[in-house]
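Descriptive analysis of the structure
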Amino acid sequence: MIVDIQGVRDSALARLAAATTSDEVRAIELAVLGKRGALTDLKTALGKLATIDEKKAAGSALNEATVAVGDALAARLGELRHAERELQLEVERIDLTEILQRPTRGHAHVVTQAWQRLEDVFVGLGFQVAEGPEVETDWHNFEALNMPPNHPARSMHDTFYVEHGAPGSTVLRTHTSPVQIRVMLNTPPPIYMVMPGRVFRNETTDATHLAVFHQIEGLVIDRGITLADLAGTVESFTKSFFGSEFSSRLRPSYFPFTEPSAEFDIRTPAGNWLELGGCGMVHPNVLTAVGLDPEEWSGFAFGFGIDRMAKERHGIGDVREMFTNDIRFLEQF
Ligand code: DAH
């Protein structure tokens with residue numbers, strides 16, 4: 001019997017030493033010390049021994065084996081648990097070094113850059129900057145700008161209507177000119193203001209047209225303002241923005257909200273003329289609509305496309321490229 005006990009003990013210790021997982025250790029525990037375990041069975045067999053001396057000797061061998069296996073079991077389980085925990089931590093570790101190794105830094109969108117440069121140049125000329133809402137009333141977008149319902153000039157603006165209020169009373173602004181109206185309603189003159197923003201037209205896009213684009217509006221209202229002030233401002237702007245080798249001209253045109261009206265062109269050093277935008281003296285009807293006396297106040301306004309400026313400045317062939325959000329394209333500017 002003692003030989004059996006020592007055999008069970010030695011094989012258990014050998015198996016424990018060779019065990020590589022805590023599950024394996026628990027299986028050995030069950031097989032040796034569990035209810036049907038080898039040492040447990042031997043303990044039951046103890047009663048069948050013939051003499052007291054035999055029982056004593058076998059009993060103490062059994063105790064010694066149980067303690068030895070129990071100690072070895074606890075020690076091996078501790079070791080393996082520790083190793084397993086280390087392994088789990090290693091597996092679950094989140095590797096942040098990849099992000100640290102590849103810092104990529106973005107920059108402002110090419111149109112945002114043009115927008116900001118335009119603001120800077122006008123602030124340098126003494127203008128303030130204002131913005132207005134993209135969803136506008138028909139009154140601000142058209143009527144107060146001397147375009148009553150059915151005015152033929154309305155058809156030049158392919159308008160997106162918004163389902164809000166009375167049918168046709170709410171629009172996505174088709175230009176930044178309604179911000180002029182808001183500025184004049186809110187600010188007593190003198191006014192020297194530029195108003196950049198996003199505008200919307202319901203038209204098919206192509207290489208030079210977008211349905212969603214950007215304009216910058218200018219407005220000056222003061223006493224004794226004349227067309228010469230407008231021409232001088234356009235010229236100063238041209239030289240500040242494009243460079244002293246550029247110049248400008250005004251060409252007679254028509255807009256409902258200005259009288260007289262003009263388009264302004266920029267002359268490049270190579271001698272090409274580039275159409276930039278519209279301008280003119282603020283129409284007396286517009287001043288009256290916002291409660292200003294045309295006998296006391298006069299002024300000029302202008303408006304042009306920001307996307308166009310970015311396109312010309314960087315020689316971009318197709319304006320749609322600027323808004324496909326392809327990083328390989330945008331990274332270049
Ligand atoms: N609002 C005009 C457009 O979108 C541009 C414009 C022309 C603005 C003349 C003005 C102006 O302020 O005086 O086509």
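The residue numbers shown here count from 1 along each chain, following its written sequence. Local features are withheld for residues below a pLDDT of 70 in this predicted model, meaning they are given only at 70 or higher, and side-chain atom pairs are given and counted only at 80 or more; totals for whole chains, interfaces and linings count all residues. Values shown for side chains rest on all heavy atoms present in the structure; no hydrogens or waters enter the calculation.

This part takes up the overall build of the protein. Helix and strand definitions here come from DSSP, where helices need a minimum of 4 consecutive H or I residues and strands a minimum of 2 consecutive E residues; each element is numbered from the N-terminal end. When you go through the protein residue by residue, the secondary structure sums to twelve helices and nine strands. For a compact globule of 333 residues, the expected C-alpha radius of gyration is about 20 Å, and the protein comes in at 43 Å, more than 25% above that figure. In terms of overall dimensions, the protein has C-alpha extents of about 135 × 50 × 35 Å along its principal axes. In the protein, which comprises 333 residues, the proportion classed as buried is 41%. The contact rule is simple, with two residues in contact once any of their heavy atoms fall within 4.5 Å. Contacts in the protein between residues far apart in sequence, at least 24 positions, make up 64% of those at least 6 positions apart. Only the protein chains shown count as covering a residue, and every accessible area follows the Shrake-Rupley method with a 1.4 Å probe. Surface accessibility of the protein: about 18,500 Å² in total, with carbon and sulfur atoms responsible for 54%. His is not counted here, nor are the chain ends, while Lys and Arg score as positive and Asp and Glu score as negative. A charge is said to be at NZ when it belongs to Lys, at CZ for Arg, at CG for Asp and at CD for Glu. Taken as two groups, the 31 positive and 46 negative side-chain charges of the protein have centres that lie 9 Å from each other. Throughout, the radius of gyration refers to the C-alpha atoms, and the reference size of a globule is 2.2 Å times the residue count to the power 0.38. Burial classes follow relative accessibility: with a 1.4 Å probe on protein chains only, a residue under 20% of its type's maximum area counts as buried, one over 50% as exposed, and anything between as partly exposed.

The nonpolar side chains of soluble globular proteins are, as a tendency, buried together. Of all hydrophobic cores here, the largest spans 38 residues; its most connected members are Leu-118, Phe-122, Phe-237, Leu-276, Phe-302, Phe-304 and Met-322. The element best represented in this core is helix α6 (residues 110–124), accounting for seven residues. For the purposes of this section, nonpolar cores are sets of buried Ala, Val, Leu, Ile, Met, Phe, Trp, Tyr and Cys residues that join through side-chain atoms within 4.5 Å.

The salt bridge criterion pairs a side-chain nitrogen of Lys or Arg with a carboxyl oxygen of Asp or Glu, the two atoms within 4 Å. Across all of its chains, the model carries 15 salt bridges by this definition. With a shortest N-O distance of 2.9 Å, Asp-138 and Arg-154 are connected by a salt bridge. Note that Asp-138 is positioned in helix α7 (residues 138–141) and Arg-154 in the loop between α7 and β3 (170–172), a separation of 16 residues in sequence. Here Asp-138 matches Arg-154 in class, with each residue buried. Between Asp-318 and Arg-320 there is a salt bridge, with its nearest N and O atoms 2.8 Å apart.

Pairing geometry for strand β6 (residues 247–255) and strand β7 (residues 258–267), over eight bridges, is antiparallel. Pairing of Phe-255 across the sheet is with Thr-258, part of β7. Two strands are said to pair when DSSP picks up at least two bridges between them. Joining the antiparallel neighbours β6 and β7 is a turn of two residues.

Right, let's get into the packing of aromatic side chains. Only the six-membered ring of Trp is used, alongside the rings of Phe and Tyr, when aromatic pairs are assigned; centres must lie within 6.5 Å, and planes under 30 degrees apart are stacked while those over 60 apart are edge-to-face, with the rest tilted. Counted by the stated rule, this structure contains 13 aromatic pairs. Ring geometry for Phe-237 versus Phe-242: centroids 6.5 Å apart, planes at 80 degrees, classification edge-to-face. Using a relative accessible area of 2% as the deciding quantity, one classes Phe-237 as buried. Taking 5.5 Å as the distance between ring centres and 40 degrees as the angle between the ring planes, the aromatic pair formed by Phe-237 and Phe-304 counts as tilted. Of this pair, Phe-237 sits in helix α9 (residues 227–242) while Phe-304 sits in strand β9 (residues 298–305), placing them 67 residues apart in sequence. Through successive ring pairs, a cluster of aromatic residues spans Phe-122, Phe-127, Tyr-192, Phe-237, Phe-241, Phe-242, Phe-246, Phe-264, Phe-302 and Phe-304. Remark: a charge is flagged as sitting over a ring if the NZ atom of Lys or the CZ atom of Arg is within 6 Å of the ring centre and within 35 degrees of the ring normal. Note that Arg-117 overlies the ring of Phe-241, its terminal NZ or CZ placed 4.3 Å from the centroid. Across from the ring centre of Trp-273, 4.0 Å away, lies the NZ or CZ of Arg-249, which sits over that ring.

Our next topic: the side chain of Asp-307. With respect to the helices and strands, the residue Asp-307 is situated in helix α11 (residues 306–314). For Asp-307, which is buried and forms no salt bridge, the nearest opposite charge comes from Arg-308, at a distance of 9.0 Å. Ignoring any residue separated from it by four or fewer positions in sequence, one finds Asp-307 in contact with Val-111, Leu-210, Phe-213, His-214, Met-322 and Phe-323.

How big an interface is tends to be reported as the loss of accessible area on association of its parts. An automatic or database domain assignment supplies the start and end points of every domain. Per the domain assignment, the segments making up the protein are domain 1 (2–92) and domain 2 (110–330). For domain 1 versus domain 2, the distance between C-alpha centres works out to 90 Å.

Turning to the pairing of strand β5 (residues 212–222), a few remarks are in order. Burial analysis of β5 places ten of its eleven residues in the buried class, which makes it a mostly covered element. As judged from the ten bridges shared by strand β4 (residues 191–200) and β5, these two strands associate in the antiparallel manner. Bridge pairing links Val-194 to Gly-218 in β5.

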